[in-house]
Each structure stands twice: as C-alpha cells, then as structure tokens.
Amino acid sequence: KITREQALALLGSILGFYPDESYQPDYVLTVDNLLKMLAIQLRVRYGIPVIIMGETGCGKTALISFMCGIIRANLFVLNVHGGITEREIVEFMRAPIAVATAEESRNQDVYVFFDEINTCDCVSMFLNS
C-alpha cells in the first residue's frame, strides 16, 4: 500500500515532474496505476507503440489523462465508434500534428489516445508498414 503523497513523490522522482498534492484529488493512485504509467513512459521513451486494453469503464482514459497532466503533455482523445471514417480520423489528427510541430511546444510531448479503437473498421490505418 502506498499513500497518494508517496505515489506522487515516486512519479516525480522517476519522471522528473512534481505535481502538487491537489492535482486531480479524486484520482485514486494505486501501485498498479503507477506501474502502468511507468511502463507507458518507458515504451514512449524508446519509441515503442502503446496499447492499453481493458473493459469499458475500467479507467484507461482516466489513467492517460492523469499521466499526461503530471508530465504536462498535450493530450488529444478521439472517441472511436463503429461508424467513424478514415477521413474523420485524419481530420482529427490535424490538431495534434499542429501542436507537435509548433515552435512554442517544441519541448512538450503530445499524446493521442484513440479510445475504443477496436470498434472501428479503420484499424488498418494504424499499422506500421
């Protein structure tokens, strides 16, 4: 068991960001959540894609949102559904790409989270070729 204060201190010491105690006070920081955030950060650091799987409502979006807040990264979330088109996905990506390539955000990370991506017919768009 770990206290919220200890969890935030641990995240800060590893990730180099120190949120204050009042940051998202309703988010429950568990050892499992800490390990997931650290695993995500390691994968991102080494250019390995991240896939987060879990039942609807288990906290995937909340985890990513909390983590991006701590590391002060821009987060863009697209709620994918069965009827979404490739064109809509491409259009959505314009904003994250603009932020990622803007001079003023040169040293700031940009995360894109495709929530429920397994529900669309456009999954092939995300394959590395």
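Just above sits the structure.
One structure accompanies this document, and this report is about it. (Residues numbered from 1 in each chain as written. Predicted model: local features only at pLDDT ≥ 70, side-chain atom pairs only at ≥ 80, totals over all residues. Heavy atoms only, no water.)

**Looking at helix H4 (residues 86-101)**
Worth spelling out the cut-off: Numbering goes from the N terminus for both helices and strands, where a helix is a DSSP run of H or I of at least four residues and a strand is a run of E of at least two. In a helix, the anticipated span is given by 1.5 Å times the number of residues less one. Bend, in this description, refers to the angle at a residue between axes fitted to the seven residues ending there and the seven starting there. Whether a residue is buried, partly exposed or exposed follows from its accessible area with a 1.4 Å probe, protein chains only, as a fraction of its type maximum: under 20%, in between, or over 50%, in that order. A contact between two residues is defined here by any heavy atoms of the two lying within 4.5 Å.
For H4, which comprises 16 residues, the first-to-last C-alpha distance of 22 Å matches the rise-based estimate of 22 Å (1.5 Å per residue) to within 8%. Most pronounced at Arg94, the bend in H4 amounts to some 25 degrees, and the proline Pro96 follows within four residues. Within H4, burial applies to Ile89, Phe92 and Pro96. Buried residues in H4 make contact with strand S1 (74-79) and strand S2 (110-115).

**Some thoughts on the pairing of S2**
Definition in use: Strand pairing is assigned whenever DSSP detects at least two bridges linking the two strands. A clockwise course of the path from the first strand over the helix to the second, judged with the strands pointing away from the viewer, identifies a crossover as right-handed.
Alignment of S1 against S2, held across six bridges, turns out to be parallel. Within S2, the position partnered with Asn74 by the bridge is Val110. Read from S1 through H4 to S2, the crossover connection turns out right-handed.

**Things to note about the pattern of salt bridges**
Note the threshold: By salt bridge we mean one thing: a side-chain nitrogen of Lys or Arg within 4 Å of a carboxyl oxygen of Asp or Glu.
Under the defined criterion, the tally for this structure stands at two salt bridges. For the salt bridge of Lys36 with Asp32, the shortest nitrogen-to-oxygen distance reads 2.9 Å. Of this pair, Lys36 and Asp32 both sit in helix H2 (residues 31-45), four residues apart, roughly one helical turn. Lys36 gets classed as partly exposed once you look at its relative accessible area, which sits at 40%. Here Glu91 ties to Arg94 by a salt bridge, and the two come within 3.0 Å at their closest N and O atoms. Highlighted residues: Glu91 and Arg94, both in helix H4, separated by three residues, approximately one helical turn. Glu91 sits in the partly exposed class, given a relative accessible area of 46%.

**Details of a nonpolar patch on the surface**
Basically, it comes down to this: A patch consists of residues whose relative accessible area exceeds 30% and which take part in no salt bridge; residues with like charges are grouped when within 9 Å of each other, and nonpolar side chains (Val, Leu, Ile, Met, Phe, Trp, Tyr) when within 5 Å. The method behind every accessible area is Shrake-Rupley, applied with a 1.4 Å probe, and residues are considered shielded solely by the protein chains displayed.
Where nonpolar side chains cluster on the molecular surface, the patch consists of Leu42, Tyr46 and Ile48 and spans about 330 Å² of accessible area. By secondary structure assignment, the location of Leu42 is in helix H2. A relative accessible area of 47% means that Leu42 is categorised as partly exposed.

**Observations concerning the packing of aromatic side chains**
Filter applied, for reference: Stacked, tilted and edge-to-face are the three classes assigned to paired rings of Phe, Tyr and Trp, where Trp is represented by its six-membered ring and a pair needs centres within 6.5 Å; plane angles under 30 degrees give stacked, over 60 edge-to-face, the rest tilted.
Counted according to the given criterion, the structure contains two aromatic pairs. Plain terms: the ring middles of Tyr27 and Phe66 are 4.4 Å apart, the flat faces sit at 15 degrees to each other, and that makes the pair stacked. One end of the pair, Tyr27, is in the loop between helix H1 (4-15) and H2; the other, Phe66, is in helix H3 (residues 60-70), and 39 residues separate them in sequence. Looking at Phe66, the relative accessible area reads 0%, which means it is buried.

What is shown is where atoms sit, not what they do.
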